[in-house]
Amino acid sequence: MTAAPTPRVARFAELSADQLRGGLREALALYVTAMDYPKGTAEQRAPMWLAHMLRAGWRCVAAYDDDGAMAGIAYGYRGAPGQWWHEQVRRGVTERRGPDVADAWMADYFELTELHVRPDTQGRGTGAELVRLLLSGAANRNVLLSTPEGPSRAWRLYRRLGFDDVLREYQFAGDPRPFGVLGRSLPLD
Ligand SMILES: CC(C)(COP(=O)(O)OP(=O)(O)OC[C@H]1O[C@@H](n2cnc3c(N)ncnc32)[C@H](O)[C@@H]1OP(=O)(O)O)[C@@H](O)C(=O)NCCC(=O)NCCS
């Protein structure tokens, strides 16, 4: 018996908020599969993704396979005071590294909020291309993201793309997992 062929990513596209709203069910299913989250997570996350689309500087790119199915998704927006993630990270960086470091990273940054590639399509450079496309249109000084502490494929990707440690072993309110907050200056090389 031979293994099923790996689907080929045929196309990358920037999505408008309307386009992502139209494909939200598929995008959230991809996210839940990639993260191996329990059933029901998609319904719980939908309002948050819809709210994020309204934020200043929101951008989204997606990858599609030969059959037109979504194979990857990435989005983010301009980070700003008052946003939950911004306040959590600001508090952590200020406490551990001081307000000047927090200012340097957070005065003007793009939050890379979500990045997911369907498991049967991973390991072929799709994630890297999604990040490159997403960030090529971000007019911010820095990009920041958080990801569960590794080692993981996500960590290898972020390191390859030149992301440095901003905070390690950081705990966000309400989530017992330790996270790394990573950042780098823009544009990408
Ligand atoms: C993290 C994630 C988005 C990376 O997606 P991906 O498409 O597999 O990642 P890449 O684009 O970096 O490709 C990775 C591998 O492809 C290999 N590769 C093969 N052909 C390649 C090519 N033409 N170009 C670049 N890389 C290629 C790379 O060497 C790399 O190998 P490695 O992972 O062993 O280091 C994906 O693994 C994922 O969705 N994970 C689960 C969800 C998650 O963790 N998201 C991030 C949360 S913050």
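No experiment lies behind these values; they were computed from the predicted model shown.

S.K.: How should helix 6 (residues 126-136) be read in this particular structure?
M.R.: By the burial criterion, the buried members of helix 6 are Thr126, Gly127, Ala128, Leu130, Val131, Leu134 and Leu135. Check the buried side of helix 6 and you find it contacts strand 1 (9-15), strand 2 (59-65), strand 3 (70-78), strand 4 (109-117), strand 5 (142-148) and helix 7 (153-160).

S.K.: I keep staring at the pattern of salt bridges and nothing clicks. Help me out?
M.R.: It is possible for side chains bearing opposite charge to pair when their charged atoms get close. Under the criterion given, the structure shown has 13 salt bridges. When the shortest N-O distance is used, the salt bridge between Glu14 and Arg59 registers 2.9 Å. Of this pair, Glu14 sits in strand 1 while Arg59 is found in strand 2, placing the two residues 45 residues apart along the sequence. Salt-bridge contacts for Arg118 lead to Asp65; the nearest nitrogen and oxygen are separated by 2.9 Å. Taken together, the residues Arg118 in the loop between strand 4 and helix 6 and Asp65 in strand 2 connect sequence positions 53 residues apart.

S.K.: Got a minute to help me understand the environment of Glu43 in this structure?
M.R.: Note that Glu43 resides in helix 3 (residues 41-52). Residue Glu43 is classed as exposed on the basis of its relative accessible area of 59%.

S.K.: Sorry, what's going on with the site of the ligand here?
M.R.: What surrounds the ligand is a group of 20 residues, the closest being Gly123, Gly127, Ala128, Arg153 and Arg160. The separation between an oxygen atom of the ligand and a polar main-chain atom of Gly125 is 3.3 Å. Here an oxygen atom of the ligand and a backbone polar atom of Ala128 are 2.8 Å apart. Summarising the interface, the protein chains cover 71% of the accessible area of the ligand, which totals 940 Å² for the free molecule. At the level of secondary structure, the elements contributing two or more residues to the shell around the ligand comprise helix 2 (24-35), strand 4, helix 6, strand 5 and helix 7. The dominant element in the shell around the ligand, judged by the number of residues it contributes, is helix 7, at six residues.

S.K.: How do you make sense of the side chain of Arg59 when you look at a structure like this?
M.R.: Look at Arg59 and you get buried, because its relative accessible area is 14%. At a separation of 3.0 Å, a polar atom in the side chain of Arg59 contacts the main-chain carbonyl oxygen of Leu134.

So, how was this worked out
Residues numbered from 1 in each chain as written. Predicted model: local features only at pLDDT ≥ 70, side-chain atom pairs only at ≥ 80, totals over all residues. Heavy atoms only, no water. Buried < 20%, exposed > 50% of the residue type's maximum accessible area, 1.4 Å probe, protein only. Helix = DSSP H or I, 4+ residues; strand = E, 2+ residues; numbered from the N terminus. Contact = heavy atoms within 4.5 Å. Salt bridge = Lys/Arg side-chain N within 4 Å of Asp/Glu carboxyl O. Near = heavy atom within 4 Å. Polar contact = N/O pair within 3.5 Å; in protein donor to acceptor, adjacent residues only side chain to side chain. Areas by Shrake-Rupley, 256 points an atom, 1.4 Å probe, with all protein chains shown as cover.

Function cannot be inferred from these measures alone, as they are strictly geometric.
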